[in-house]
Amino acid sequence: AQRVTQPEKLLSVFKGAPVELKCNYSYSGSPELFWYVQYSRQRLQLLLRHISRESIKGFTADLNKGETSFHLKKPFAQEEDSAMYYCALSGRTSGSRLTFGEGTQLTVNP
Amino acid sequence: GAGVSQTPSNKVTEKGKYVELRCDPISGHTALYWYRQSLGQGPEFLIYFQGTGAADDSGLPNDRFFAVRPEGSVSTLKIQRTERGDSAVYLCASSLDGGLSATEAFFGQGTRLTVV
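Because the structure is a prediction, the values reported are computed rather than measured. (Residues numbered from 1 in each chain as written. Chains lettered and ligands numbered in written order. Predicted model: local features only at pLDDT ≥ 70, side-chain atom pairs only at ≥ 80, totals over all residues. Heavy atoms only, no water.)

## What to know about the environment of aspartate 57 of chain B
Residues and elements named next belong to chain B.
In step 1: Mapped onto the elements, aspartate 57 comes out in the loop between strand E6 (53–56) and strand E7 (65–68).
In step 2: Aspartate 57 gets classed as partly exposed once you look at its relative accessible area, which sits at 44%.
In step 3: Remark: the alpha-carbon pair of aspartate 57 and glutamine 37, spanning 20 residues in sequence, is separated by 17 Å. (Helix = DSSP H or I, 4+ residues; strand = E, 2+ residues; numbered from the N terminus. Buried < 20%, exposed > 50% of the residue type's maximum accessible area, 1.4 Å probe, protein only.)

Encoded structure:
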C-alpha cells in the first residue's frame, strides 16, 4: 500500500526565516512525488514535482529514496507563502491516481 | 473560463436523497479525476476516467457512488441514498493525458456537499 505522511499539521515561521515542510512516503517501487499548494480561497494547484528538479517561488524539494522523504524547503519565507501544502505520490502500480498527505498549514508571520 | 469548473459550489441535501455533482474539465483534456476531501484531511482518490471509460474506479467507497463521462468531456458524480458521512468537498481534476510525470493535473474549486 502507498502512503504519504506529513507529520506537522501546523507550521509557523517568521518572514525571512528558513522553512521546511516534511513529507515521508511508503511505496514499493519508484514513486513520483509532488507538492501541491492551496492558497486561501483558491483551488489546489501544483507547486513542483521531483522529476522536474525545478525551483518554484523559491521552493525546492529533493527526493531522498534512502529516507523515503520529499521535504519542501525555502531559505527565506515570505508572507505570501502562507497556505496549505500537500505532498502527493503517484506510481506505476497506482496508475494515474495521486495519494495525498494530510497537509501542513504554513503561516508566515510578519 | 479556461479552468476546471464544478457545479454546484455548495449543495445541502437531506439524508437518503440522491445528488449529482458536475465537472467541466479543461477543453482537450482526456484524463479526468474525482477526489473527496473530508475536513482536516488530504484529497482522497475516487475515480479516474481516460476518455469516456473509467480506467480506475477502485477509490469509490461503495455502490452508492457512481460516475459517468458519456462524451469524454463533462463528468457527473452521482451519490445515491446519501449519508451524513458523505459530507465533504468533492474535487474534480483534469489533465492532458493520464501521465502525471509529464502533465499537470488541474483542480476545480470543488463542490462542498453537506448531508443533514
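## Focus on the sheet that holds strand E8 (residues 72–74) of chain A
Residues and elements named next belong to chain A.
In step 1: Taken together, the three strands give an open sheet; going across it, the order is E3-E8-E7, and neighbouring strands pair in antiparallel fashion. Unpaired on one side and paired on the other, strand E3 (19–21) and strand E7 (60–61) mark the two borders of the sheet.
In step 2: Of the strand pairs in this sheet, E7 and E8 are connected by two bridges, and their pairing is antiparallel. Residue pairing in the sheet places threonine 60 in a bridge with lysine 73 of E8. (Pairing = 2+ DSSP bridges.)

## So, the interface of chain A and chain B
In step 1: With 20 residues of chain A at the interface, the matching set in chain B holds 25 residues.
In step 2: Summed over both partners, the interface of chain A with chain B comes to about 1,800 Å²; 47% of that surface belongs to carbon and sulfur atoms.
In step 3: We note a salt bridge from arginine 97 of chain A to aspartate 56 of chain B, for which the minimum N-O separation is 3.6 Å.
In step 4: Taken together, the links from chain A to chain B amount to seven residue pairs in polar contact (both at pLDDT 80 or more).
In step 5: Counting residues per element, the ones that place at least two in the side of chain A that touches chain B are strand E5 (32–38), strand E6 (45–49) and strand E9 (83–90) of chain A.
In step 6: In the side of chain A that touches chain B, the residues fall into eight nonpolar, five polar and seven charged. (Contact = heavy atoms within 4.5 Å. Buried area = accessible area lost by both parts, 1.4 Å probe. Salt bridge = Lys/Arg side-chain N within 4 Å of Asp/Glu carboxyl O. Polar contact = N/O pair within 3.5 Å; in protein donor to acceptor, adjacent residues only side chain to side chain. Nonpolar A, V, L, I, M, F, W, Y, C, P; charged D, E, K, R; others polar.)

## Remarks on the pairing of E6 of chain B
The side chains of a regular strand alternate between both faces of the sheet.
Residues and elements named next belong to chain B.
In step 1: Bridge analysis of strand E5 (residues 44–50) against E6 gives three bridges, and the strand direction is antiparallel. Paired with phenylalanine 49 across the bridge in E6 is alanine 54.
In step 2: Counting the residues between successive antiparallel strands, the hairpin from E5 to E6 contains two residues, one of them, glycine 51, with a positive phi of roughly 70°.

## As for the packing of aromatic side chains
In step 1: Scanning all chains against the criterion turns up 10 aromatic pairs over all chains.
In step 2: With centroids separated by 5.1 Å and ring planes inclined at 15°, the aromatic side chains of tyrosine 33 of chain B and tyrosine 48 of chain B adopt a geometry described as stacked. Pair noted here: tyrosine 33 of chain B is in strand E4 (residues 31–37) and tyrosine 48 of chain B is in strand E5, with a separation of 15 residues, a long-range link. There is no split in this pair, since tyrosine 33 of chain B and tyrosine 48 of chain B are both buried.
In step 3: Counting every residue linked through ring pairs, the aromatic cluster contains Phe34, Tyr36, Tyr86 and Phe100 of chain A together with Tyr35, Phe45 and Phe107 of chain B. (Phe/Tyr/Trp six-rings, centres within 6.5 Å; stacked < 30°, edge-to-face > 60°.)

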